[in-house]
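# Inside the fold
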Amino acid sequence: MNLRTIDIDQFFCHSFTLWKEKWMLLTAGSLESMKFNSMTISWGSLGYIWNKPFVQVAVRPSRLTFQYINDYADFTLCIFPEKYRKQMQNLGSKSGREMDKINRSGFTPVKAYMTSAPAFEEAELVIECRKIYWQDLDADHLLDMGILSNYPRGDFHRIFFGEILAVQGTEEYLS
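This one's a predicted model, so the numbers in the text were calculated from it and none came from an experiment.

### As for the overall build of the chain
When helices and strands are tallied, the chain shows 4 helices and 10 strands. For the chain, the α and β elements follow one another from N to C terminus as β-α-β-β-β-β-α-β-α-α-β-β-β-β. Relative to a compact globule of 175 residues, whose C-alpha radius of gyration would be 16 Å, the chain shows 16 Å and is just as compact. Within the chain, counting contacts between residues at least 6 apart in sequence, those at least 24 apart form 74% of the total. When the accessible surface of the chain is summed, it comes to about 9500 Å², and 50% of that surface belongs to carbon and sulfur atoms. Of the side-chain charges in the chain, 19 are positive and 21 negative, and the distance between the mean point of each set is 6 Å.

### Thoughts on unusual backbone geometry
In this model, W23 sits at a positive phi of 70°, which is unusual for a non-glycine residue. Within the secondary structure layout, W23 lies in the loop between α1 (15-22) and β2 (24-30). For W50, which is not a glycine, the phi torsion comes out positive at approximately 55°. Along the chain, W50 turns up in the loop between β4 (44-49) and β5 (52-59). Since its relative accessible area comes to 47%, W50 is described here as partly exposed.

### Some points on the nonpolar core
In terms of nonpolar packing, the biggest core is built from 27 residues, with L26, V57 and L77 touching the most fellow members. Residue assignment for this core shows that the elements contributing at least two residues are α1, β2, β3 (35-41), β5, α2 (64-71), β6 (74-79), β9 (125-136) and β10 (158-169). The dominant element in this core, judged by the number of residues it contributes, is α2, at 4 residues. Excluding its chain neighbours within four sequence positions, the residues that come into contact with L77 are W19, M24, L25, L26, I41, V55, V57, L125, V126 and I127. Counting residues in hydrophobic clusters, the runner-up holds 16 residues, among them F36, C78, Y84 and V126.

### Digging into the pairing of β10
The buried fraction of β10 is high, at 11 of 12 residues. Across 2 bridges, the pairing between strand β1 (residues 4-5) and β10 is antiparallel. Pairing of R4 across the sheet is with G169, part of β10. By the bridge criterion, 6 bridges tie β5 to β10 in an arrangement that is antiparallel. Considered in β10, the bridge of V57 is made with F160. Here β9 pairs with β10 via 11 bridges, running antiparallel. Note on β10: the bridge partner recorded for V126 is Q168.

### A word on the packing of aromatic side chains
Within the structure shown, the criterion is met by 12 aromatic pairs. Between the aromatic rings of F66 and F160, the centroid separation amounts to 6.4 Å while the plane-to-plane angle is 65°, which identifies the pairing as edge-to-face. On the criterion of sequence distance, the pair formed by F66 in helix α2 and F160 in strand β10 is long-range, its members being 94 residues apart. Assigned by exposure class, F66 and F160 land together as buried. Ring geometry for F80 versus F120: centroids 6.2 Å apart, planes at 55°, classification tilted. With F80 in the loop between β6 and α3 (85-93) and F120 in strand β8 (residues 119-120), the pair connects residues that are 40 residues apart, well separated along the chain. Judged by relative accessible area, which is 5%, F80 ranks as buried. Taken together, the ring pairs in this structure connect W50, F54, Y133 and F161 into an aromatic cluster.

Reading guide: rules and limits
Residues numbered from 1 in each chain as written. Predicted model: local features only at pLDDT ≥ 70, side-chain atom pairs only at ≥ 80, totals over all residues. Heavy atoms only, no water. Helix = DSSP H or I, 4+ residues; strand = E, 2+ residues; numbered from the N terminus. Rg over C-alpha atoms; globule rule 2.2 N^0.38 Å. Contact = heavy atoms within 4.5 Å. Areas by Shrake-Rupley, 256 points an atom, 1.4 Å probe, with all protein chains shown as cover. Lys, Arg positive; Asp, Glu negative; His and termini not counted. Charge placed at Lys NZ, Arg CZ, Asp CG, Glu CD. Buried < 20%, exposed > 50% of the residue type's maximum accessible area, 1.4 Å probe, protein only. Core = buried A, V, L, I, M, F, W, Y, C linked by side-chain atoms within 4.5 Å. Pairing = 2+ DSSP bridges. Phe/Tyr/Trp six-rings, centres within 6.5 Å; stacked < 30°, edge-to-face > 60°.

Any link to function would need more than the numbers given here.
Written out as structure tokens, the structure is:
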């Protein structure tokens, strides 16, 4: 897809739509070494903290991507056009431990501008991030006990904050 670089101050999106309806493909690892994994995510946030634009993502320790996002300094988030919905569902439900799910998806990993983690040729939006903070969720800090229903196995997410280093996207994401 033909993407253009978008200055962070010109980046426009409907944040709730990105997470809830479009989903994102989180990828961590290294394209150069071909050691990376991707997973579909629909929980997270975009914002501004510590004088930096950031993305916050949640990854369960049971996911293979957890190993990569812990071991590497950066990650990418990609949004794809609706025609790739089935591939996104498969990437969110299949494990990279059991198969080469990226190859099976038909997505083409490409070098990102500023991160070792790859972007994807088919993406309509690429957000490149450098990790700046992480924290494990703690059940003792939940104020709404209904949230516990998301954790029947007690496998609480680790939250990662990534400083947004670069954004590439279609005209749709330019204000």
